[in-house]
2 protein chains.
Amino acid sequence: MDVTTRQHCEALDAADPLREIRARFAPGVPGTLYFDANSVGAMPLTAPQRLQHLIGEWQSLRRRGWSESDWLAGPQRLGAKLAPLLGAAADEVVVCDTTSINLFKALAAAVQLRPGRHRIVSEAATFPTDLYVAQGLAGLREGVTLHLLEEGAAIEPAIDDDTIALSLSFVDYRSARRHDIRALTRAAHARGALVIWDLSHGAGAVACDLDAADADLAVGCGYKYLCGGPGGPAYIFAARRLHDAIRPALAGWMGHAAPFKFTTGYEPAPGMGRFLVATPAVLANAVFEAALDIWAAVDPRAVFRKHDALGDLLGALVDRGVGGPGVSVASPRAAERRGGFVALKHAGGAAVVAALADAGVIASFRAPDSLRFGLSALYHRHVDIWDAAARLGEVLRNETWRAPKYQQAKAI
Amino acid sequence: MDVTTRQHCEALDAADPLREIRARFAPGVPGTLYFDANSVGAMPLTAPQRLQHLIGEWQSLRRRGWSESDWLAGPQRLGAKLAPLLGAAADEVVVCDTTSINLFKALAAAVQLRPGRHRIVSEAATFPTDLYVAQGLAGLREGVTLHLLEEGAAIEPAIDDDTIALSLSFVDYRSARRHDIRALTRAAHARGALVIWDLSHGAGAVACDLDAADADLAVGCGYKYLCGGPGGPAYIFAARRLHDAIRPALAGWMGHAAPFKFTTGYEPAPGMGRFLVATPAVLANAVFEAALDIWAAVDPRAVFRKHDALGDLLGALVDRGVGGPGVSVASPRAAERRGGFVALKHAGGAAVVAALADAGVIASFRAPDSLRFGLSALYHRHVDIWDAAARLGEVLRNETWRAPKYQQAKAI
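As the structure is a prediction and not an experimental result, all values here were calculated from the model.

(A) Up close: the relation of the copies chain B and chain A. At an RMSD of 0.0 Å, chain B and chain A line up after a rotation of 180° and a shift of 0.0 Å along the axis. Between the two chains, the operation in question is that of a two-fold axis. Minimal C-alpha separation from the rotation axis in chain B is found for Arg141(B), amounting to 2.7 Å. Same-surface contact between copies: 100% of interface residues of chain B are shared with the interface of chain A.

(B) Seen up close, the packing of aromatic side chains. Counted by the stated rule, this structure contains 25 aromatic pairs over all chains. Seen from their ring centres, Phe170(B) and Trp197(B) are 6.3 Å apart, and the 80° between their planes marks the pair as edge-to-face. Of this pair, Phe170(B) sits in the loop between strand E5 (163-169) and helix H7 (181-190) while Trp197(B) is found in strand E6 (residues 194-198), placing the two residues 27 residues apart along the sequence. Trp197(B) shares its class with Phe170(B); the two are buried. An aromatic cluster of three or more residues is present, and its members are Phe127(A), Tyr173(A), Trp253(B), Phe260(B) and Phe262(B). Geometry around Phe341(B) places Arg372(B) over its ring, the cationic atom sitting 5.5 Å from the centre.

(C) Main features of the sheet that holds strand E12 (residues 364-366) of chain B. Residue and element names in this part refer to chain B. Taken in spatial order, the 4 strands make up an open sheet running E9-E10-E13-E12, and their pairing is antiparallel. Bordering the open sheet on either side are strand E9 (328-329) and E12, each of which pairs with just one other strand. Pairing of E9 with strand E10 (residues 341-345), which is carried by 2 bridges, proceeds in the antiparallel orientation. The residue of E10 that forms the bridge with Val-329 is Leu-344.

(D) Up close: the sheet that holds strand E8 (residues 234-238) of chain B. Residue and element names in this part refer to chain B. One open sheet accounts for 7 strands, arranged E2-E8-E7-E6-E5-E3-E4; its pairing is mixed. Looking at strand neighbours, the two that pair on one side only are strand E2 (93-95) and strand E4 (145-149), the edges of this open sheet. Pairwise comparison of adjacent strand axes, ignoring direction, gives a mean angle of 20° for this sheet. The sheet contact formed by E2 and E8 spans 3 bridges and is antiparallel. Bridge pairing in E8 places Val-94 opposite Ile-236. Along the sheet, helix H5 (residues 99-113) contacts strand E3 (119-123), E5, E6, strand E7 (217-221) and E8; its crossing angle with E7, the most-contacted strand, is approximately 170°.

(E) Structural context of the pairing of E3(B). Residue and element names in this part refer to chain B. Counting buried positions along E3 gives 5 out of 5 residues, so the element sits mostly inside the fold. The alternating pattern of E3 places Arg-119, Val-121 and Glu-123 on one face and Ile-120 and Ser-122 on the opposite face, and all of these are buried. Each parallel crossover has a hand, and the one from E3 via helix H6 (residues 128-140) to E4 is right-handed. Where E3 lies against E5, 3 bridges are found, and the strand directions are parallel. From the neighbouring strand, Ile-120 faces E5, where its bridge partner is Ala-165.

(F) Quick look at the interface of chain B and chain A. Opposite the 84 residues of chain B that make contact, chain A presents 84 residues. For the pair chain B and chain A, the summed buried surface comes to about 7,000 Å²; carbon and sulfur atoms form 67% of the total. Its largest share of buried area at the contact with chain A, chain B owes to Trp58(B), Arg62(B) and Arg63(B), together 13% of the area lost on that side. In this structure, the connection of chain B to chain A is made through 2 salt bridges.

(G) Quick look at the packing of helix H5 (residues 99-113) of chain A against helix H6 (residues 128-140) of chain A. All names here are of chain A. Across the interface, H5 lies against H6 with an axial gap of 9 Å and an inter-helix angle of 45°. The angle between the axes of H5 and H6 places the two elements in the oblique class. For the element pair H5 and H6, the recorded crossing hand is right-handed. Between H5, through Ser-100, Leu-103, Phe-104, Leu-107, Ala-108 and Val-111, and H6, the contact on the second element is made entirely by Thr-129, Asp-130, Val-133, Ala-134, Leu-137 and Leu-140. When its residues are assigned to classes, the contact of H5 with H6 shows 9 nonpolar, 2 polar and 1 charged.

(H) A look at the confidence of the model for chain A. Per-residue confidence for chain A gives a mean pLDDT of 96; residues scoring 70 or more make up 99%. Note on the complex model: pTM 0.97, ipTM 0.97.

(I) Summary view of the layout of surface pockets. Space inside the largest pocket adds up to approximately 580 Å³. Lining of the largest pocket is provided by 41 residues; of these, Thr98(A), Asp97(B), Thr279(B), Pro280(B) and Ala281(B) occupy positions nearest its centre. If you list the elements that add at least two residues to the lining of the largest pocket, you get strand E2 (93-96) and helix H9 (282-295) of chain A together with helix H4 (74-86) and helix H9 (282-295) of chain B. Residues that form the lining of the largest pocket fall into these classes: 26 nonpolar, 13 polar and 2 charged.

(J) Quick look at H4(B). All names here are of chain B. An ideal rise of 1.5 Å per residue puts 18 Å on 13 residues; H4 measures up with 18 Å between its terminal C-alpha atoms. The sharpest bend along H4 reaches about 30° and sits at Ala-80, with the proline Pro-84 one to four residues further on. Where H4 terminates, the next one or two residues include Gly-87, which has phi positive at roughly 70°.

(K) Local environment of the state of the cysteines. Residues and elements named next belong to chain B. All told, the structure shown has 0 disulfides over all chains when counted by the stated rule. Looking at Cys-208, it has no disulfide partner, and the nearest cysteine sulfur is the one in Cys-221, 12 Å off. Take Cys-208: its relative accessible area is 4%, and that puts it in the buried class.

(L) Spotlight on the side chain of Ser376(A). Residue and element names in this part refer to chain A. Among the secondary structure elements, Ser-376 is positioned in the loop between strand E13 (370-374) and helix H12 (382-398). Within polar-contact distance, the side chain of Ser-376 engages the backbone nitrogen of Leu-378 at 3.1 Å. Apart from the residues within four sequence positions on either side, Ser-376 is in contact with Ala-37, His-307 and Leu-310.

(M) Here's a closer look at H9(A). With 14 residues, H9(A) ought to run about 20 Å at 1.5 Å a step, and its terminal C-alpha atoms sit 20 Å apart, in line with that. Of all 14 residues in H9(A), 13 are buried, a share of seventy percent or more.

Each value, and the rule that gives it
Residues numbered from 1 in each chain as written. Chains lettered and ligands numbered in written order. Predicted model: local features only at pLDDT ≥ 70, side-chain atom pairs only at ≥ 80, totals over all residues. Heavy atoms only, no water. Least-squares fit on C-alpha atoms with pLDDT ≥ 70 in both. Contact = heavy atoms within 4.5 Å. Phe/Tyr/Trp six-rings, centres within 6.5 Å; stacked < 30°, edge-to-face > 60°. Helix = DSSP H or I, 4+ residues; strand = E, 2+ residues; numbered from the N terminus. Buried < 20%, exposed > 50% of the residue type's maximum accessible area, 1.4 Å probe, protein only. Lys NZ or Arg CZ within 6 Å of the ring centre and 35° of its normal. Pairing = 2+ DSSP bridges. Axes fitted to C-alpha atoms, helices over the stretch in contact; angles between N-to-C directions. Right-handed = clockwise from strand over helix to strand, strands pointing away. Buried area = accessible area lost by both parts, 1.4 Å probe. Salt bridge = Lys/Arg side-chain N within 4 Å of Asp/Glu carboxyl O. Parallel < 35°, antiparallel > 145°, perpendicular 65-115°, else oblique. Left-handed = near helix turned anticlockwise from the far one by under 90°. Nonpolar A, V, L, I, M, F, W, Y, C, P; charged D, E, K, R; others polar. pLDDT = per-residue confidence, 0-100. 1 Å grid on protein atoms, 1.4 Å probe; cavity = no way out; pocket = protein on both sides within 12 Å on 5 of 7 lines; lining within 4 Å. Points joined across faces, edges and corners; volume = space filled by probe spheres on them. Expected span 1.5 Å × (residues − 1). Bend = angle between axes of the 7 residues up to and from the residue. Disulfide = S-S within 2.5 Å. Polar contact = N/O pair within 3.5 Å; in protein donor to acceptor, adjacent residues only side chain to side chain.

So this is what it looks like as structure tokens:
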């Protein structure tokens, strides 16, 4: 990428087909550049009025919100709006619960779909909560074991005829390395195993193409690149071909075929409905839907293209020294191998991220040495990337990060 | 109860020590009386400003909300505020997830705490989702079976040396019959079994006295009597004596002893923290906390006393014919045997509830014949009970419920 001046970035922004979209998000504190799309995405400007509407329904409708408003249909409605971003069909995604809870559902479904098999295969460097969820399931379900691959080990040889499923982070949370969903799904299917993807660090940033890859099950969170609000609802995907065979381990009335018949025995709802458990998180869904309605206005392919370009740009600026001395790109160079953020590397680690925050650029740190810049094609401009790199350059050239107050900075 | 006139109700209201509290809730549509505290409680007036504050944090802090605001501590902070209402200690309750998910956690904990035992005992008439949750667990965990007691069957004889736990609704969702937590806990403990209570239809309305009853585990929802907002977060209680021995089946990073160390192996957090799984529902917690801060201003015993009196009053008015012809009290007469609502019975069923809604009184219906009036000591006045009974009397005397438009009314 040949971008040598800030003016060049301005020209790219002027030609950006998504340039109008950023006006639909709250800008945050003036002068601050937020590169934490990998953690908490920006707020859709309509979020407060969506909440206000919901608050009004709560006041006036009260319990009739369940029957007279659209509260109960939220999980499916939001799932259908989210599906195109994942490369899934509208009836293959529901919005509900949290990523970890949804991963438990997916793992338990895989266990049930592959009777007689015992191994869940994952990577030791997967985002830890995904490992904890699998460990919790293995503690409950006799015979299920978790096989962890050391970092860098090839995955395909670890898949055997005893493998229930691969449970993988689509994107590594430290390096942004992106797995090849299509290739790993094919490899797993060749041994009769399933694959469960945690898309949290990819969805809304890069293409997942779940259906094109013949993917089985996937989960992810709504509050990172998708801008669904801090701690907002998560989602779960299952390929349509699997739906009928899944009898949920987390069974609840909202996933029942006839929830208001109040029958004693559980019967799964048709399709993805069976993955629902309890009363939907109405307020949180209203906020997430504000974001999904922005997503509905953009072409996902344009989003992914721009996201790739923003990541390439940050890498090029660091290579060129705009980001200052001692810093290098730690995430994959090829955009198609990279997830939602760009990881940089500098010996100062968390202290650099802390000093950079005081310089008005919000990034995040993960041990041992990952300075993460979460990029959003919806609200970042090319000049924002330039400015972030330039401010990083100042922090590193002036060595402000060496100040004692930054040395206690921790990852959170 | 000897209340013969509306004026008498006014006098009771004037002497009510809780009379100022109702001003802290949104009144809803003028002229409408909401008796759906058993479904969606009233909105605390401060809920919108709490949301506004949170929205502001989202905009400006973004990911730093996790470190610089109080987002992460929500589950414990809200749990501590809720605990006195349950008769629990502050460190025995956390607010998180949904009632069904929390019940799964509690059932799985019981299974783990009682190795070698196989039976979960419940009642066929328990709120169905609680049965579905147990069925889901039994499908996943070999050897666990669900034993259901037919309606009216004595519970104590069903507890044997193979019983893991009783899983019971504290309050029956149709009749409002309240179980005796203390007696059933004692009976279960005598056989080495645990008891898991779903408090949803009792907490915030009547005394649960969990610690005084030596209770083991309990769950419940935040959005009924507790006024935590539609679909808002639920809670889970575990007696302190059990904490250290519980290794959660739903394990996640927020329940890890050191979530930000990102270690590969799960280690439970101390105490109730281990029941947390994923990132807290920040927006929903802000709303629930608005309600809990109202609860903190009242004496729970005064709440329970007034709640009993309101229920007694509604029964007395129905007995006296104020509620019109053909209606009778279906819930227990003795307040200490009754949960959060009063169930009436009329042959018109759901049609009566629908016609009553058009007369400005919101109640709810559950098959086969329960007309439920959810009572709140925080925002209902004695005159509201009078007016509700009087309007019911008009609907029944005028037989407006027989109009064709009401005959299609369903329970939801």
